[in-house]
Amino acid sequence: MAQTVRPTSGDVADPALAPQGQRLIEWAALQMPVLRLIRERFQRELPLKGMRLGACLHVTSETANLAITLKAGGAEVALCASNPLTTQDPVAAALMREHGIPTFAVKGEDSLRYYEHIQAVLDTRPQLTMDDGADLVAELHKGRRELLEGVRAGTEETTTGVIRLRAMARDGALRFPIIAVNEALTKHLFDNRYGTGQSTIDGLIRATNVLIAGRTVVVCGYGWCGRGLASRADGLGANVIVTEVDPTRALEAVMDGFRVMRLIDAAPLADIVITVTGDINVVDRAHLEAFKDGAIVANSGHFNDEINLAALDEISAEITTPRRFVQSHRLHNGRTVHLLAEGRLLNLAAAEGHPAAVMDMSFANQALCAEYVARHHGALELAVHDVPQEIDAEVARLKLQAMGVTIDVLTEQQRHYLASWESGTT
């Protein structure tokens, strides 16, 4: 693609917000002891020394601590946002001004500026990539192929991004190995379940100030994110309905005590509908037209594709904005549907994303996987790889250490027993 002149030190909303952003970064750091332990080791060992690392992540106070850790390990880090609505502007300013990390992110940026920021990170000619949704990797493969030869490996944070990258690998399009950080047990068991569950409810309440108790909340998708969201809504007194396409997950939701039905059947019952599937048009035109008057619809999946926004606009007679993150669509059928956060990630657009304590594990995985691919990229096949088991276990060990929790260890006799087959019923 044609080269344009882009800023090299960063592009943020207001550099003067840096002191406020630094306080937010320091507050988050108090809840991220695992990443602190890794940063201290990185400062001593410099495992990323001289490596150019391009990151496309949600620019939050937790992400800032990751970026600072990567820089402490010797990396030359450049960062852009992975969603137009999820940037914390003070944090972006602090990263650029206080930490010297080129940061290209402005909350509310339009699509043109969003992709310009991705291009600015690619202009740094990264040798390692770090993605949250695979937009950086996709742009690299589609429009900046001249840079591919210099890229050694990458990491991916999200379910949505891993789906895209596995599709690229199947099509033979992926040109460097990727570690799927999302697949680490210490990521999806905690980040997706506890993080998404709490932060989505947080975003819903901040955006609307509605009472959850007594409402019928429909959770679309019962993966790890859906499990967490359903349990948190249930804990607040909601009547939870789950919709699914996977029979095993649907059965699990039933066994967990939730009603399970098709979305078209749940739509007339729903007070609140939240999608967490990673797929497109989960809430489609027929569902939107079946919603009761005053229904709230939102998404906590990575892309704003889960709700058919084009169809919603087509069936709307009037659109108003009663609150900052609420668009009220009066439909031609006379009912009103309230869309939250433009259909983007509710938990990051209307709130602050996952709590720092859970992102501590996710970003510890990111940091250790960056170290791993920096050292072992030459031995990795051209594919999407799971997080090495030893990294997953190390993150769990460090988290327990930071929490002051000790666990048992196997005796030599027990290890021998588990490795043998001779012993049986006595």
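Keep in mind that this is a model prediction, so the values were computed, not measured. Note that residues are indexed from 1 along each chain, following the sequence as it is written. Per-residue local features of the predicted model are confined to residues with pLDDT of at least 70, and side-chain atom pairs are confined, for both listing and counting, to 80 or more; whole-chain, interface and lining totals are unaffected and use all residues. Hydrogens and water are ignored here; the side-chain numbers use all heavy atoms of the structure.

**Let's talk about the packing of helix 8 (residues 185-208) against helix 15 (residues 356-376)**
- Lines are fitted to the C-alpha atoms to define the axes, a helix being fitted only along its stretch in contact, and any angle between axes, read from their N-to-C directions, falls within 0 to 180 degrees. Numbering goes from the N terminus for both helices and strands, where a helix is a DSSP run of H or I of at least four residues and a strand is a run of E of at least two. For the pair helix 8 and helix 15, the least separation of the axes is 9 Å and the interaxial angle reads 145°. Seen along the crossing, helix 8 lies across helix 15 with a hand that is left-handed. Contact residues: Thr186, Lys187, Phe190, Asp191 and Gly195 in helix 8; Val358, Met359, Met361, Ser362 and Asn365 in helix 15.
- Here the residues of the contact of helix 8 with helix 15 sort into four nonpolar, four polar and two charged. Each crossing is labelled by how the near helix is turned from the far one, with a counterclockwise turn of less than a right angle marking it left-handed and a clockwise turn marking it right-handed. Whether two residues are in contact is decided by their heavy atoms: any pair within 4.5 Å suffices. Residue classes follow a fixed rule: Ala, Val, Leu, Ile, Met, Phe, Trp, Tyr, Cys and Pro count as nonpolar, while Asp, Glu, Lys and Arg count as charged, and any other residue, Gly among them, counts as polar.

**Looking at the packing of aromatic side chains**
- Here the aromatic set is Phe, Tyr and Trp, taking the six-membered ring for Trp, and pairing holds for ring centres within 6.5 Å; pairs whose planes are under 30 degrees apart are stacked, those over 60 apart are edge-to-face, and all others are tilted. All chains considered together, the criterion is met by three aromatic pairs.
- Between Tyr114 and Tyr115, the aromatic rings sit 5.0 Å apart at their centres with planes inclined by 85°, giving edge-to-face as the arrangement.
- Here's how the labels work: a residue is buried when its accessible area is under 20% of the maximum for its type, exposed when over 50%, partly exposed in between, all with a 1.4 Å probe on protein chains only. Exposure remark for Tyr115: the relative accessible area of 32% places this residue in the partly exposed category.
- A cation over an aromatic ring shows up here: Arg227 above the ring of Trp224, its NZ or CZ 4.2 Å from the ring centre. We call a charge positioned above a ring when the Lys NZ or Arg CZ atom is no farther than 6 Å from the ring centre and deviates by at most 35 degrees from the ring normal.

**Re the pairing of strand 2 (residues 52-57)**
- Across the six residues that make up strand 2, a large majority, five, are buried.
- At least two bridges found by DSSP between two strands are what make those strands a pair. Where strand 2 and strand 3 (residues 76-81) come together, six bridges link them in parallel fashion. Its bridge partner lying in strand 3, Ala55 is registered against Leu79.
- Traced from strand 2 through helix 3 (residues 61-72) to strand 3, the parallel crossover comes out right-handed.
- The pairing of strand 2 with strand 5 (residues 128-131) spans four bridges and is parallel. Note on strand 5: the bridge partner recorded for Ala55 is Met130. Note on handedness: a clockwise path from strand one over the helix to strand two, with the strands aimed away from the viewer, defines a right-handed crossover.

**Overview of the environment of Ile212**
- You can see Ile212 is positioned in the loop between helix 8 and strand 8 (216-220).
- For Ile212 and Asp234, which are 22 residues apart along the polypeptide, the C-alpha to C-alpha distance reads 9.0 Å.

**As for the sheet that holds strand 4 (residues 103-105)**
- The eight strands are arranged 1-4-3-2-5-6-7-16 in an open sheet whose pairing can be described as parallel. Each edge of the open sheet carries a strand with a single partner, namely strand 1 (10-12) and strand 16 (384-386). With strand direction ignored, the average angle separating the axes of adjacent strands in the sheet is 20°.
- Here two bridges tie strand 3 to strand 4, and the two strands are oriented parallel to one another. Residue pairing across strands places Leu79 opposite Thr103, the latter belonging to strand 4.
- Each of strand 2, strand 5 and strand 7 (178-180) touches helix 6 (residues 135-143); the most contacted strand, strand 5, lies at about 130° to it.

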